[in-house]
Amino acid sequence: MALRKVAGLKQLFWRLLLLLALFWGGGIAAFSFLPVPFSAVMIERQIGAWMTGDFGYVAHSDWVSMDAISPFMGLAVIAAEDQKFPDHWGFDVSAIEKALAHNERNENRIRGASTLSQQTAKNLFLWDGRSWVRKGLEAGLTLGMETVWSKKRILTVYLNIAEFGDGIFGVEAASQRYFHKPASKLTMAEAALLAAVLPNPIRFKANAPSGYVRSRQAWILRQMRQLGGEGFMRENKLY
């Protein structure tokens, strides 16, 4: 009887794994050209709010194409999060090695090394948090996206599902909320400010930036200029 139960659980596990693989594979194929209506993180935030009794919370996003986003915004997140984005295949090996070395020395200050591709995979398909299981699934999904999607597509999806504040997802919703204008009209400084809150958009506020956020904004602006400004986006076919 016990052996049958174990065999049944194993069979159920593999069926669930196959179902998830088909779901994620289908999502990668479909979202290579279709707008993304919502992400896993948006669902997680919405359910979390309802479970705490916050029925006024709405995870809001407005999908826009890359043509309707200021080139400064894509440049800002690349400058802030992943300057090797146009060249890697989803993983920045040197950044991972540096992060591992740092984390061994500083157990209380964990540094991440996720690329924009990895962040897109995690935000779109997976749950929040840290675990080896999630990181493994993230790696597989990242490779799938990098194989099927163009870099421009990855950046477009990232900008449309990234969390910029409490209930604010995507650059169009963020631009309308914080600057009262469409994402296509964002200036270099405004794009850098939005990128500056991305490490922790619940703690850091674009509408009430702390000294740290302002200093990070200034650093991002310098990096954007060093990368070559709008020319960087055109040269790498990201806009």
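The rules behind these values
- Residues numbered from 1 in each chain as written.
- Predicted model: local features only at pLDDT ≥ 70, side-chain atom pairs only at ≥ 80, totals over all residues.
- Heavy atoms only, no water.
- UniProt positions renumbered as here; feature names shortened; annotations may be inferred.
- Helix = DSSP H or I, 4+ residues; strand = E, 2+ residues; numbered from the N terminus.
- Buried < 20%, exposed > 50% of the residue type's maximum accessible area, 1.4 Å probe, protein only.
- Polar contact = N/O pair within 3.5 Å; in protein donor to acceptor, adjacent residues only side chain to side chain.
- Contact = heavy atoms within 4.5 Å.
- Axes fitted to C-alpha atoms, helices over the stretch in contact; angles between N-to-C directions.
- Parallel < 35°, antiparallel > 145°, perpendicular 65-115°, else oblique.
- Left-handed = near helix turned anticlockwise from the far one by under 90°.
- Nonpolar A, V, L, I, M, F, W, Y, C, P; charged D, E, K, R; others polar.
- Core = buried A, V, L, I, M, F, W, Y, C linked by side-chain atoms within 4.5 Å.
- Salt bridge = Lys/Arg side-chain N within 4 Å of Asp/Glu carboxyl O.

If you check an unreviewed UniProt entry, the protein appears there as Biosynthetic peptidoglycan transglycosylase from Kluyvera sichuanensis. The protein has a UniProt comment under Pathway (unreviewed entry) that states "Cell wall biogenesis; peptidoglycan biosynthesis." Listed under Sequence similarities (unreviewed entry) in UniProt, the entry text for the protein is "Belongs to the glycosyltransferase 51 family."

## Structural notes on the side chain of Glu190
With respect to the secondary-structure elements, Glu190 resides in helix α9 (residues 188–196). By relative accessible area, Glu190 is classed as buried at 17%. At a separation of 3.0 Å, a polar atom in the side chain of Glu190 contacts the main-chain amide nitrogen of Thr187. Setting aside anything within four residues of it in sequence, one finds Glu190 in contact with Phe179, Lys181 and Lys185.

## Describing the environment of His60
Tracing the backbone shows His60 in the loop between α2 (40–51) and α3 (71–81). Note on His60: relative accessible area 37%, which makes it partly exposed. Sequence separation of His60 and Ala174 is 114 residues, and the distance between their C-alpha atoms is 9.5 Å. In contact with His60, other than residues within four places in its own chain, are Met42, Gly167, Ile168, Phe169 and Ala173.

## With respect to the packing of α3 against α9
At a minimum axis separation of 8 Å, α3 and α9 run at an interaxial angle of 45°. Accordingly, the angle class assigned to the pair α3 and α9 is oblique. Our pair here, α3 against α9, has a crossing hand that is right-handed. Listed contacts from α9 to Phe72, Met73, Ala76, Val77 and Ala80 of α3 are Met188, Ala191, Ala192, Leu194 and Ala195. Taken together, the residues of the contact of α3 with α9 sort by class into ten nonpolar, no polar and no charged.

## Regarding the nonpolar core
Note on soluble globular proteins: their nonpolar side chains tend to be buried together. In this structure, Met73, Leu155, Phe164, Leu194 and Met224 are the most contacted members of the largest nonpolar core, which totals 58 residues. It is α3 that provides the largest number of residues to this core, a total of eight residues. Leu155 has contacts with Met66, Gly74, Val77, Ile78, Phe85, Leu116, Met233 and Leu238, leaving out every residue within four places of it along the chain. Among the nonpolar cores identified, the runner-up in size contains six residues, and Met42, Ala49, Tyr57 and Ala59 belong to it.

## Looking at the environment of Lys151
Positionally, Lys151 belongs in helix α7 (residues 151–161). Ignoring anything within four residues of it in the chain, the contact list for Lys151 reads Phe85, Pro86, His88, Gly90, Ser117, Glu146 and Leu238. Within the structure, the side chain of Lys151 is placed 2.8 Å from the backbone oxygen of Phe85, a separation counted as a polar contact.

## Topic: the packing of α3 against helix α10 (residues 211–227)
Their axes nearest at 9 Å, the elements α3 and α10 cross at an angle of 105°. As far as their axial angle goes, α10 and α3 are roughly perpendicular. Two secondary-structure elements touch here, α3 through Phe72, Leu75, Ala76, Ile78, Ala79, Ala80 and Glu81 and α10 through Arg216, Trp219, Ile220, Gln223, Met224 and Leu227. Class assignment of the residues belonging to the contact of α3 with α10 gives a composition of ten nonpolar, one polar and two charged.

## Topic: the environment of Trp50
Of note, Trp50 is situated in helix α2. A relative accessible area of 45% means that Trp50 is categorised as partly exposed. With residues up to four places along the chain from it excluded, the contact list for Trp50 reads Phe55 and Tyr57.

## Quick notes on the side chain of Lys151
Take Lys151: its relative accessible area is 17%, and that puts it in the buried class. Side chain to side chain, Lys151 and Glu146 meet in a polar contact 2.9 Å long.

## Here's the deal with the pattern of salt bridges
Following the criterion strictly, the structure yields six salt bridges and no others. Put simply, Glu163 and Arg45 hold a salt bridge, and the shortest N to O gap is 3.0 Å. Of this pair, Glu163 sits in strand β1 (residues 163–165) while Arg45 sits in helix α2, placing them 118 residues apart in sequence. Overall, the relative accessible area of 11% leaves Glu163 in the buried class. A salt bridge links Lys151 to Glu146, with the shortest nitrogen-to-oxygen separation between them at 2.9 Å.

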